[in-house]
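Observations on the three-dimensional arrangement
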Amino acid sequence: LQGIFVLGLPYALLHSGYSGLLLIVLAAALCCYTGKILIACLYEENEDGQLLRVRDTYEDIANACCKKLSPSLGGMVVNVTQVVELIMTCVLYLVVSGNLLSHSFPYVPVTEKTWSVIAFVTLLPCVFIRTLKIVSKLSQLCSLVHFVIILVVITYCLTQTHQWSWAKFRLSLEFEDFLVSVGVIIFSYTSQIFLPTLEGHMKNPGEFRCMLNWTHFFACILKTTFALTAFLTWGEKTKEVITDNLPSFFETLVNLCLLTKALLSYPLPFFAATEIVYSCISKGNHSNYRSPLLALAVRSSFLLLTLLMSMFTPHFALLMGLSGSVTGAAMTFLLPSLFHLKLKWKKLSFLEKCADISVFILGFLCSLAGIVCSIKGLLEVFG
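Values in this document were obtained by computation on a predicted structure and should not be read as measured data.

Below, the discussion takes up the overall build of the protein chain. When helices and strands are counted, the protein chain shows 15 helices and two strands. A compact globule built from 383 residues should have a C-alpha radius of gyration of about 21 Å, and the protein chain, at 21 Å, falls within 12% of that. Its C-alpha atoms give the protein chain principal-axis dimensions of roughly 65 × 50 × 45 Å. Partitioning the contacts of the protein chain with sequence separation of at least 6, the portion at a separation of at least 24 is 77%. Roughly 19100 Å² of accessible area belongs to the protein chain as shown, and the carbon and sulfur atoms make up 69% of that amount.

Within this structure, the stated rule accounts for eight aromatic pairs. Summarising the aromatic geometry, the rings of Phe 217 and Phe 218 are spaced 5.4 Å apart at their centres and angled 70° between planes, so their arrangement reads as edge-to-face. Residue classification places Phe 217 among the partly exposed residues on the basis of a relative accessible area of 43%. Chaining the aromatic ring pairs together yields one cluster made of Tyr 156, Trp 234 and Phe 250.

As a further point, take a positive patch on the surface. Together, Lys 67, Lys 68, Lys 342 and Lys 346 give the surface a local cluster of positive charge. Following the sequence through the fold, Lys 342 ends up in helix H14 (residues 316-344).

This brings us to the environment of Val 359. Structurally, Val 359 can be placed in helix H15 (residues 350-381). Put simply, Val 359 and Thr 224 are 135 residues apart on the chain and 22 Å apart in space, counted from C-alpha to C-alpha. Aside from chain neighbours lying at most four places away, what touches Val 359 is Leu 30, Tyr 33, Thr 34, Phe 333 and Ser 337.

How each quantity is defined
- Residues numbered from 1 in each chain as written.
- Predicted model: local features only at pLDDT ≥ 70, side-chain atom pairs only at ≥ 80, totals over all residues.
- Heavy atoms only, no water.
- Helix = DSSP H or I, 4+ residues; strand = E, 2+ residues; numbered from the N terminus.
- Rg over C-alpha atoms; globule rule 2.2 N^0.38 Å.
- Contact = heavy atoms within 4.5 Å.
- Areas by Shrake-Rupley, 256 points an atom, 1.4 Å probe, with all protein chains shown as cover.
- Phe/Tyr/Trp six-rings, centres within 6.5 Å; stacked < 30°, edge-to-face > 60°.
- Buried < 20%, exposed > 50% of the residue type's maximum accessible area, 1.4 Å probe, protein only.
- Patch = residues over 30% accessible without salt bridge, like charges linked within 9 Å, V, L, I, M, F, W, Y side chains within 5 Å.
- Salt bridge = Lys/Arg side-chain N within 4 Å of Asp/Glu carboxyl O.
- Lys, Arg positive; Asp, Glu negative; His and termini not counted.
- Charge placed at Lys NZ, Arg CZ, Asp CG, Glu CD.

Worth remembering: the numbers are spatial, not functional.
In structure tokens, the structure reads:
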């Protein structure tokens, strides 16, 4: 979802002003921090003081925290939350793909839902993905396409420097619009769902913290540059998706790049969701499918489910915002900080405890605000 959220960053600056620039930096630091403490929960010290990886997944961490209440309660809650968010992410990619194809070829007499079905056909090979290695290669291509999109927009903006003005930044803010901006900025960095699996598949897991630092640092630089140059170019005319501000030729080019990115992004949440479901069915076997036919059935069912949801879910954007406010904030802020406090309380310094508690409170407030705004929007839509 990062590519989609990044395209909304200039619009977020329109409603958050100078505070938006600070939020982009703050969100990078917070998401990097929660990623680190989440991975720290996978490890425990042995008698010699060496760190050993005693847990493999988000589910294992949750079960360890809730074992006094129920051996599997925490894992069930986390798995349901993860699967819901991952499925909604996959559905969003299909909806976006149909929308982009519809706008790229407006003269073709095909409905947006039909375009979504056409995009779905290109994703059928996903049922044969069995390892993260394939997904990582597709993600590399996705990152390359993402870079091309950002480069095209920034290059065009740099040709318009003669009309840049810092006076375009707003000083007075409307609270609800500011909350929307906070959501867009914070959730453009979220990746916690994938981190335990990613760290577990790294050749050198010891380099994980360094990798997380550098990726968030460069993401912060790139997003700040992108949002700032685009907003300074269009100011009050900045649209929700910044590509809509581009001239028609560039808009079509970028839309096709976005379509490619959406299709290449689909396998990661799809793979993660099917891994979770299959591991529950096969009692924790995450690396290899014991039953190829069962694995194929799970992946095929999920693929079909995302298509049906993309075709029949009404007011999807608002429902996505509602589920994202609940699951996104929970998986990114609430649970990592809560689990870290629970598992590492005796070994944490006073400042570390304060940091975890602050992140938890911030995540709760963001989630609550997002839920209120989404429900208000749904009530307005349904009259």
